[in-house]
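# Breakdown of the fold
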Amino acid sequence: MKRTYMIRNERPEVLDVWHEPWCHPYQVPSGSTLVFHYDASERQRYMVETAVTKEGITIWLDTDHVPDVTLDDLPVEPSWDQ
């Protein structure tokens, strides 16, 4: 089943998002929206887990594959230079 998970940064500074279990970092500028497009795992019910810290947000999605990710509707790769 196709799913999306959206994070909109309404803070005045860049928001750091860490995607587990792949250890993919993303930086979301103020006012921008990061969207994960993925196929939900068939072995578990729909679930998203998040952890909010002073550094940003860590998310776990219920998928067995790396999702496609967009930032403001444009494809984006992890921010490896963080």
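Scroll up for the structure.
Okay, so let's go over this structure. (Residues numbered from 1 in each chain as written. Predicted model: local features only at pLDDT ≥ 70, side-chain atom pairs only at ≥ 80, totals over all residues. Heavy atoms only, no water.)

### Some points on the packing of aromatic side chains
The description of two aromatic rings rests on the distance between their centres and on the angle between their planes. To keep things clear, this is the line we draw: Each pair of aromatic rings taken from Phe, Tyr and Trp, with Trp reduced to its six-membered ring, is defined by centres within 6.5 Å and is described as stacked if the planes are under 30 degrees apart, edge-to-face if over 60, and tilted in the remaining cases. Helix and strand labels come from DSSP, where a helix needs a run of H or I of at least four residues and a strand needs a run of E of at least two; each type is numbered from the N terminus. The buried label applies to any residue whose accessible area, calculated with a 1.4 Å probe on protein chains only, is under 20% of its type's maximum; exposed applies above 50%, and partly exposed to all values in between.
According to the stated counting rule, one finds one aromatic pair in the structure shown. When the centroid spacing of 5.6 Å and the interplanar angle of 90° are considered together, the rings of Tyr 26 and Phe 36 count as edge-to-face. Here the residue Tyr 26 occupies a position in strand 3 (residues 24-28), and Phe 36 occupies one in strand 4 (residues 33-39), the gap between them amounting to ten residues. Accessibility assignment for this pair places Tyr 26 and Phe 36 in one class, buried.

### Let's talk about the pairing of strand 4
So the rule is basically this: At least two DSSP bridges between two strands are required for those strands to pair.
For strand 4, the tally of buried residues reaches five of seven residues, placing the bulk of the element in the interior. Relative to strand 4, strand 1 (residues 2-8) runs antiparallel, the two sharing seven bridges. Bridge pairing in strand 4 links Arg 8 to Thr 33.

### Let's talk about the nonpolar core
The condition that has to hold: Nonpolar cores were defined as sets of buried Ala, Val, Leu, Ile, Met, Phe, Trp, Tyr and Cys residues, with membership established by side-chain atoms within 4.5 Å.
Grouped together as the largest cluster of nonpolar side chains are 13 residues, with contacts concentrated most on Ile 7, Val 17, Leu 34 and Phe 36. Listing elements by their share of this core, those giving two or more residues are strand 2 (15-20), strand 3, strand 4, strand 6 (56-61) and strand 7 (68-71).

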